[in-house]
Amino acid sequence: MTDDAIRITGLNKFFGGFHALKEINLHVTKGEKVVVCGPSGSGKSTLIRCLNRLEEHQAGVINVLGIELNGDTKNIDMIRREVGMVFQHFNLFPHLTVLENCALAPMLVRNASQADAEALAQNYLERVHIGEKAGSFPGELSGGQQQRVAIARALCMRPKILLFDEPTSALDPEMINEVLDVMRGLASDGMTMICVTHEMGFARQVADRVIFMDGGEIVEEGPPEEFFQNAQNARTREFLANILAH
Amino acid sequence: MANEKSSPLPNQHPALGARLVQRFFRTPLDSVISTVTLTVLAYLAYHVLDWAVFNAIWTTPDGTSEVCRGVDGACWAVIQQRWRLILFGLFPYQEQWRSSLACVLLVVIVVMSCLPTFWTALRLTLIWVIGFIGFFLLMRGGIFGMSVIAPSEWGGLTLTAFFFVTCVLIGMPLAIALALLRRSPLPVVSGGAAIVIDCVRSLPLVTILFTAALILPFVLPGWLLGDKIWRVILGFALFYAVYQAEIIRGGIQSLPGGQDEAAKALGLSYFHRVTRIILPQAFRNALPPTINQLVITFKETSLIVIIGFFDVLASGSAAFGTGEWSFAYTEVYIFVALIYFVFVFSLSRYGAYLERRMRVGTN
């Protein structure tokens, strides 16, 4: 075993005639925190959605935790079990309580007993500071609370990699920090994280590497201090100027 | 709030009389409209009650219709004389306790499976397996010294209830399967399901029932045929299933795509995604049209009379069909309508209860 978490070579993805991802090469080691940014439509969400096969890629090799991601459903299942995902719109299951949302996958996928799964769920809910809402339904929570539950739900599968797809973009400004705090905590625990986000402050504090995408390509990547101080590419500088200006 | 509580009650709720005046007699025009409407309603109510209650004949002393001759009111004596025919059809007279017991059993297991206490796979399976075995032993007989009674002799309310329940029991899983197949990413599968749904939907129900009852015997080998009632039930269930399939598909399509994606990202299998995430939410969304379709299906069961089954409506017709009671068709139809009303109204209220219950957890 190497310390590879993700290795992508020559990845191409098409939506019909639209070339969404062009020859992406990316290597993420275990414990690394990568922030992906870029203008909307640049392919950053598509890229991380390819990593657990929510999107199918047409060419190239994606290797996650030493397992090749291809049409083989066995491999897809194995990878999804180890890779958690947090969505922009939370996607909690509205017909289940917060506790049931978190305990469901450990019971169905990892065959945990109900008691074990609920104890695990309660434990992770406490960690995201929302243990007291275990019996509530998602519709009764604020956006920030829902997103923290969604993170706890992903953690209950004890994933080795966590993917974040714009986790704070749908939140009211005053709730963004409670979610980012939880994510900072995860980062300091050594979780391998790939975050698509526009939160540049978070990128600066937490990321080991920042990737800038535009037009389906990785335009620039580097450690945050270099990326923010000394971007090489004109498109990167323009993007940063726009996003840091407001 | 505190203010409201401290104020005396009468101010909050003015006397009934005062409220009625306020609502119906506020202006002269209001008063005229209210008076006319009330007079018409009272007139109608008086005439209905006059016929149905005040002048009605409730029993017949000698078992004949003589007592109703020349009477202005309703002749409910026909129900007293013929209720067994309406409820049990052609089922042999001495054995009708079996049919009534079977009907009660069926209603009990339906009511039981409507209660949340029994909503586990094990309990529901137990209820239905035991219930159906019990129903068949009672109706068909052949053991414990009970004479054998073929399904062609079943009739009345018991037949209607049995027919409806069986059709839904077969049709609902079929509908779920068709809805899921129609959403398959494989064009052959989704296209196949679409063609089945559209074809069956394009045919009149009567045609399907005729085909199942009368045409299939010419086409299929004998060992595949089974009893006529089963072929008709399968045809009816198929017809129900294609409509219900589209209702379920609508429920599934109204879910945000993120629900399935979140379940996939957690590693849930297709089976678990469908049974734990998609279908529970789809059924909640599709509950009003589902209840609607069940109500329509229940009432459509009366069509089976055309292929020779005496459901509750046909048995009703037979009840006044003899010359003696032929004048009393209104009373019999009202009685049968009441039976339908009790069933359908209960179903509707149960649907409303489910909606209230399921609203928990959504905003």
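In case you missed it, the structure is sitting above this.
Quick caveat, the model's predicted, so the values are computed rather than measured.

Moving on to the overall build of chain B. In terms of regular secondary structure, chain B is built from 17 helices and one strand. Computed over C-alpha atoms, the radius of gyration of chain B comes to 26 Å, more than 25% over the 21 Å expected from 2.2 N^0.38 for 363 residues, which places it beyond the range of a compact globule. Taken over the C-alpha atoms alone, chain B extends approximately 70 × 70 × 40 Å along its principal axes. Within chain B, residue pairs in contact and separated by at least 24 positions form 67% of the contacts whose partners lie at least 6 positions apart.

What follows covers the nonpolar core. Counting 128 residues, the largest nonpolar core has Ile6(A), Ile8(A), Ile194(A) and Leu268(B) as its most contacted members. For this core, the leading source of residues is helix α8 (residues 156-182) of chain B, giving 15 residues. Here this core spans two domains, and each of domain 1 (77-91 + 149-358) and domain 2 (93-148) of chain B adds at least three residues to it. Counting 53 residues, the second-largest nonpolar core is a separate cluster that includes Leu141(A), Met175(A), Met200(A) and Ala203(A).

Every buried residue of helix α16 (residues 312-321) of chain B is listed here: Val312(B), Ala314(B), Ser315(B), Gly316(B), Ala319(B) and Phe320(B). Contacts made by the buried residues of α16(B) are with α5 (77-88), α8, β1 (310-311) and α17 (329-359) of chain B.

In this section: unusual backbone geometry. Residues and elements named next belong to chain A. Notably, arginine 53 is not glycine yet its phi reads approximately 65°, a positive angle. Along the chain, arginine 53 falls in the loop between α1 (44-50) and β4 (59-64). The exposure class assigned to arginine 53 is buried, which follows from its relative accessible area of 13%. With a phi angle near 65°, phenylalanine 90 is a residue other than glycine that sits in the positive phi range. Within the secondary structure, phenylalanine 90 sits in the loop between β6 (83-86) and α3 (98-109). Accessibility expressed as a relative area gives 11% for phenylalanine 90, which makes it buried.

Examined against the element boundaries, Ala175(B) turns out to sit in helix α8. Ala175(B) sits 137 residues away from Leu38(B) along the chain, and the two C-alpha atoms are 48 Å apart.

Cut-off values and rules
- Residues numbered from 1 in each chain as written.
- Chains lettered and ligands numbered in written order.
- Predicted model: local features only at pLDDT ≥ 70, side-chain atom pairs only at ≥ 80, totals over all residues.
- Heavy atoms only, no water.
- Helix = DSSP H or I, 4+ residues; strand = E, 2+ residues; numbered from the N terminus.
- Rg over C-alpha atoms; globule rule 2.2 N^0.38 Å.
- Contact = heavy atoms within 4.5 Å.
- Core = buried A, V, L, I, M, F, W, Y, C linked by side-chain atoms within 4.5 Å.
- Buried < 20%, exposed > 50% of the residue type's maximum accessible area, 1.4 Å probe, protein only.
- Domains from an automatic or database assignment.

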